[in-house]
Amino acid sequence: MSILDLKYKGQIGYFVTNILYEIYRFLKYYRFKDIPYLKSKFLRMQGYPLNMDQPKSLNEKLQWLKLYDRRPIYTTLADKYGVRDYIREQFGEDLLIPLLYETLDYKDIVPENLPNEPFILKANHDSGSFVIVRDKSKVDWKKVQIDCRWWLSKNYYWIDREWQYKEIQPRIIVEKLLMDKNGKIPNDYKLHCINGKVEFIYVAVDREGTNKRNIYDLNWNPLPFTFANKFKDPAKLRGSEIEPPQTLKRMIELSEKMAELFAYVRVDFYDVDGTLYFGEITQCHGGGFDQMRPIEWDYKFGEMLNIG
């Protein structure tokens, strides 16, 4: 059993876990100022030193943007709950995944408050905190409630120093689970925009199965690079080639409209049997720590990106 698993062992277990994890976070995150922290993590994750004075690669420039491009609207757009109003007002309700429930209190996450249909339960203020529920009668709700309590107590800003997450009010949201005609979760299309234009499309393919990562240009030609955490094996990332989504043209148009606010941004969409849904706006893919390999592509896209 890991230390984090202690949080499921009653109130004392949760308290002990939280104290130990706060100590861990202090030693790893809190005690460092932004620039020294980013330089240390960048070298460890990217394998080359971060040059903040003359950034050249895409990942270097993403670090620069985190520190020097800070506008209040970025916090709204990074908030998975708050961004819904922006999308509704600017692009239309039809793009939004139906919201079934939301709360600020983990104690509200009980079966009687939740829908009798498949849904995804997630935090609005970080990355990777979610639970997929197809049948709520088969879920350990005590454990899920503890997870939600844990999510709500954390501030994602400290992990990668992405300023836009720092002031988001933590919330649990419940959305309809998107599924295609075969009952599968749809592919996740991540459109990377540089200077307001989509430059490549990163697709999370078959997320409940092989979970591969394919990258294409705007004409759906495969691109020969990977963009992932250093601990992923590049040889195992790419899956079989897929056909472009039916809504590709609209994805590109909408992404470029949203990208007008940013030097760089990633806009995510789902295509469910020809119906388009907005996923999220990500201002710094992988926190600027995912490796782009071969590394020449990191510098190729970095040369395109205008900052300052």
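Here, every reference points to the structure presented above.
Keep in mind it's a predicted model, so treat the numbers as computed, not measured.

A.B. asks: Please give an account of the sheet that holds strand β7 (residues 212-216) that cites residues and values.
C.D. replies: One open sheet holds the 5 strands; their spatial order is β7-β6-β5-β9-β10, and the pairing between them is antiparallel. Strand pairing shows two members of the sheet lacking a second neighbour, β7 and β10 (275-282), which therefore form its edges. Each adjacent strand pair in this sheet contributes to an overall mean axis angle of 25 degrees, direction not counted. Sheet analysis places strand β5 (residues 188-194) next to strand β9 (residues 264-272), joined by 7 bridges and oriented antiparallel.

A.B. asks: Describe in detail helix α5 (residues 83-91), supporting the description with residues and values.
C.D. replies: Within α5 the residues assigned to the buried category are V83, R84, Y86, I87 and F91. Projected down its long axis, α5 shows its buried positions confined to an angular sector of 160 degrees, all on one face. Among the structural elements, α4 (72-78), β1 (99-103), β4 (172-176), α8 (248-258) and β10 are those in contact with the buried residues of α5. Two residues or fewer past α5, G92 is found with a positive phi of approximately 110 degrees.

A.B. asks: Kindly report on empty space enclosed by the protein, identifying the contributing residues and their values.
C.D. replies: Scanning the model with the defined rule gives 3 cavities of 30 Å³ or more in all. Taken together, L62, L65, K66, D69, Y74, Q164, F262, A263, Y264, Q283 and C284 make up the lining of the largest cavity. Per-element accounting of the lining of the largest cavity gives the leading share, 3 residues, to helix α3 (residues 58-68). Split into classes, the residues belonging to the lining of the largest cavity amount to 7 nonpolar, 2 polar and 2 charged. Here the second largest cavity is characterised by a volume of approximately 70 Å³. Forming the walls of the second largest cavity are K80, V83, R84, L96, I97, K122, E175, F278 and G279. Going through the elements one at a time, α5 and β10 are the ones with two or more residues in the lining of the second largest cavity. Across the lining of the second largest cavity, the residue classes tally to 4 nonpolar, 1 polar and 4 charged.

A.B. asks: Could you give an account of the packing of aromatic side chains, naming the residues involved and the relevant values?
C.D. replies: Each aromatic ring pair is specified by the distance between its two centres and by the angle formed by the two planes. Taken as a whole and judged by the stated rule, the model has 24 aromatic pairs. Between W64 and Y68, the ring centres sit 5.1 Å apart and the planes meet at 50 degrees, which makes this aromatic pair tilted. One end of the pair is W64 and the other is Y68, both in helix α3 and 4 residues apart, which spans about a single turn. With a relative accessible area of 48%, Y68 lands in the partly exposed category. Plain terms: the ring middles of Y157 and W158 are 5.0 Å apart, the flat faces sit at 65 degrees to each other, and that makes the pair edge-to-face. For Y157, a relative accessible area of 5% corresponds to the buried category. Members of the aromatic cluster, joined through ring pairs, are Y14, Y21, Y24, Y29, Y37 and W150.

A.B. asks: Summarise the sheet that holds strand β2 (residues 119-123); cite the residues concerned and give the values.
C.D. replies: With respect to topology, 4 strands assemble into an open sheet ordered β1-β4-β2-β3, the strand pairing being antiparallel. Since the sheet does not close on itself, it has two edges, and those belong to β1 and β3 (130-133), each with one partner. The average angle at which neighbouring strand axes cross in this sheet is 15 degrees, direction not considered. Direction of pairing for β1 relative to β4: antiparallel, over a ladder of 4 bridges. Bridging from a neighbouring strand, E102 pairs with I173 of β4. Here helix α6 (residues 141-152) sits on the sheet in contact with β2, β3 and β4, set at roughly 35 degrees to β2.

The rules we used
- Residues numbered from 1 in each chain as written.
- Predicted model: local features only at pLDDT ≥ 70, side-chain atom pairs only at ≥ 80, totals over all residues.
- Heavy atoms only, no water.
- Pairing = 2+ DSSP bridges.
- Helix = DSSP H or I, 4+ residues; strand = E, 2+ residues; numbered from the N terminus.
- Axes fitted to C-alpha atoms, helices over the stretch in contact; angles between N-to-C directions.
- Buried < 20%, exposed > 50% of the residue type's maximum accessible area, 1.4 Å probe, protein only.
- Arc of directions from axis to C-beta.
- Contact = heavy atoms within 4.5 Å.
- 1 Å grid on protein atoms, 1.4 Å probe; cavity = no way out; pocket = protein on both sides within 12 Å on 5 of 7 lines; lining within 4 Å.
- Points joined across faces, edges and corners; volume = space filled by probe spheres on them.
- Nonpolar A, V, L, I, M, F, W, Y, C, P; charged D, E, K, R; others polar.
- Phe/Tyr/Trp six-rings, centres within 6.5 Å; stacked < 30°, edge-to-face > 60°.

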